[in-house]
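This is what each chain is made of:
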Amino acid sequence: MEFRLTYEGHLLGASRSNTRASHKHEIRKIFHRQLRHYWQVHPYLSTAYLSHRRLGRVQPEVKLVDHLSQKYKLENYNFVPLVTPDLSLICSLEILFLRRGFPGEAVRSGDIDNRLKTIFDALRMPGNSSELGGFETPGDDEIPFFCLLTDDNLISHVSVETDTLLEPSSAEAGDNDSRLVIAVKLKPFDVGWDNISFG
């Protein structure tokens, strides 16, 4: 299964002294809208049931989206991560990272790791309530809340290409203005009934 996620706007690096939890959740909300639409239009995800084997038979129990949203609760949120241990899935990411400045400056300036960490954290569900960044209650269109990963350790491969952002997102855009296209590829690490459609 392959698809693309996009982000356009300020992208700030995180550090131990400033985790940028609020900034990460704002980006997470943008990815949520894209992933929600993907679940709605994808032929398998829109109708998928989580099954189990009993007495040699496969019996549908509950819609996959409902199972995930009940399992991955945090505070007032019901998260629906796509890449989960439940489905024995891992993912690879190919990122086109457009930013102000010349190609390669992101690497030379040493900030690419911190900015990518911001993206990785925004792609996964929060690990605790502090990672919600003050967004204590989901919006009306965030029930449930879709995200890519339960944990970023399910990312098996990352490649990044940087280039120059030629058109800023606004007149006030500064050096942190970025545009990303993230190609996501999913695959099972243990093929079974519930993840065979991801192969």
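Just so it is clear, the model here is predicted, and its values are computed rather than measured.

1. Considerations on the environment of leucine 96
So, point 1. Along the chain, the position of leucine 96 falls in strand 6 (residues 89-99).
So, point 2. Residues leucine 96 and arginine 179, spaced 83 residues apart in sequence, show a C-alpha to C-alpha distance of 8.1 Å.
So, point 3. Filtering out sequence-adjacent residues up to four positions away, leucine 96 remains in contact with Glu161, Arg179, Leu180 and Val181.

2. Regarding the packing of aromatic side chains
So, point 1. Scanning the model with the defined rule gives five aromatic pairs in all.
So, point 2. Residues tryptophan 39 and phenylalanine 146 carry aromatic rings whose centres are separated by 5.7 Å and whose planes lie at 45° to one another, so their mutual orientation is tilted. A residue pair is termed long-range when its members are at least 10 positions apart, and tryptophan 39 in helix 1 (residues 21-41) and phenylalanine 146 in strand 7 (residues 145-149) qualify at 107 residues.
So, point 3. Ring geometry for tyrosine 77 against phenylalanine 79: centres 5.3 Å apart, planes inclined by 10°, an arrangement best described as stacked.
So, point 4. A residue is classified by how much of its surface remains accessible, and tyrosine 77, at 1% relative accessible area, is buried.
So, point 5. According to the relative accessible area criterion, phenylalanine 79 is buried, its value standing at 0%.
So, point 6. Feature note: the residues Tyr77, Phe79 and Phe145 constitute an aromatic cluster, connected by ring pairs.

3. Points about the nonpolar core
So, point 1. Core analysis: the largest hydrophobic core is formed by 48 residues, its most contacted members being Phe3, Leu93 and Leu148.
So, point 2. At the level of secondary structure, the elements contributing two or more residues to this core comprise strand 1 (2-10), helix 1, helix 2 (64-71), strand 5 (77-83), strand 6, helix 4 (112-123), strand 7 and strand 9 (177-188).
So, point 3. The leading source of residues in this core is helix 4, at six residues.
So, point 4. Residues within four places of leucine 148 in sequence aside, it is in contact with Phe3, Leu35, Pro81, Leu82, Val83, Cys91, Leu93, Leu123 and Val184.

4. Some remarks on unusual backbone geometry
Across the chain, the bulk of peptide bonds are trans and the bulk of non-glycine residues have phi less than zero.
So, point 1. Residue isoleucine 143 is joined to proline 144 through a cis peptide bond whose omega torsion reads -5°.
So, point 2. Take proline 144: it is sitting in the loop between helix 4 and strand 7.
So, point 3. The phi angle at arginine 20 is positive, at roughly 55°, despite the residue not being glycine.
So, point 4. Counting through the fold element by element, arginine 20 comes out in the loop between strand 1 and helix 1.
So, point 5. Non-glycine residue glutamate 75 carries a positive phi angle of around 55°.
So, point 6. Considering the arrangement of structural elements, one finds glutamate 75 in the loop between strand 4 (73-74) and strand 5.
So, point 7. Residue glutamate 75 is classed as exposed on the basis of its relative accessible area of 57%.

5. Observations concerning the side chain of threonine 84
So, point 1. Looking at the element boundaries, threonine 84 is found in the loop between strand 5 and strand 6.
So, point 2. Exposure remark for threonine 84: the relative accessible area of 0% places this residue in the buried category.
So, point 3. Among all residues touching threonine 84, those that are not within four sequence positions of it are Leu68, Tyr72, Leu89, Thr150 and Leu154.

6. Section: the sheet that holds strand 6
So, point 1. With mixed pairing, the four strands of this open sheet are ordered in space as 1-9-6-8. Of all strands in the sheet, those bounded by a partner on one side alone are strand 1 and strand 8 (155-164). Each strand axis lies, on average, 15° off the axis of its neighbour in the sheet, ignoring direction.
So, point 2. As paired strands, strand 1 and strand 9 are joined by nine bridges and run antiparallel to one another.

7. Structural notes on the pairing of strand 9
So, point 1. In this sheet, strand 9 lies alongside strand 6 in antiparallel orientation, the contact comprising 11 bridges. Within strand 9, the residue paired with isoleucine 90 across the bridge is lysine 187.

Calculation criteria
Residues numbered from 1 in each chain as written. Predicted model: local features only at pLDDT ≥ 70, side-chain atom pairs only at ≥ 80, totals over all residues. Heavy atoms only, no water. Helix = DSSP H or I, 4+ residues; strand = E, 2+ residues; numbered from the N terminus. Contact = heavy atoms within 4.5 Å. Phe/Tyr/Trp six-rings, centres within 6.5 Å; stacked < 30°, edge-to-face > 60°. Buried < 20%, exposed > 50% of the residue type's maximum accessible area, 1.4 Å probe, protein only. Core = buried A, V, L, I, M, F, W, Y, C linked by side-chain atoms within 4.5 Å. Pairing = 2+ DSSP bridges. Axes fitted to C-alpha atoms, helices over the stretch in contact; angles between N-to-C directions.

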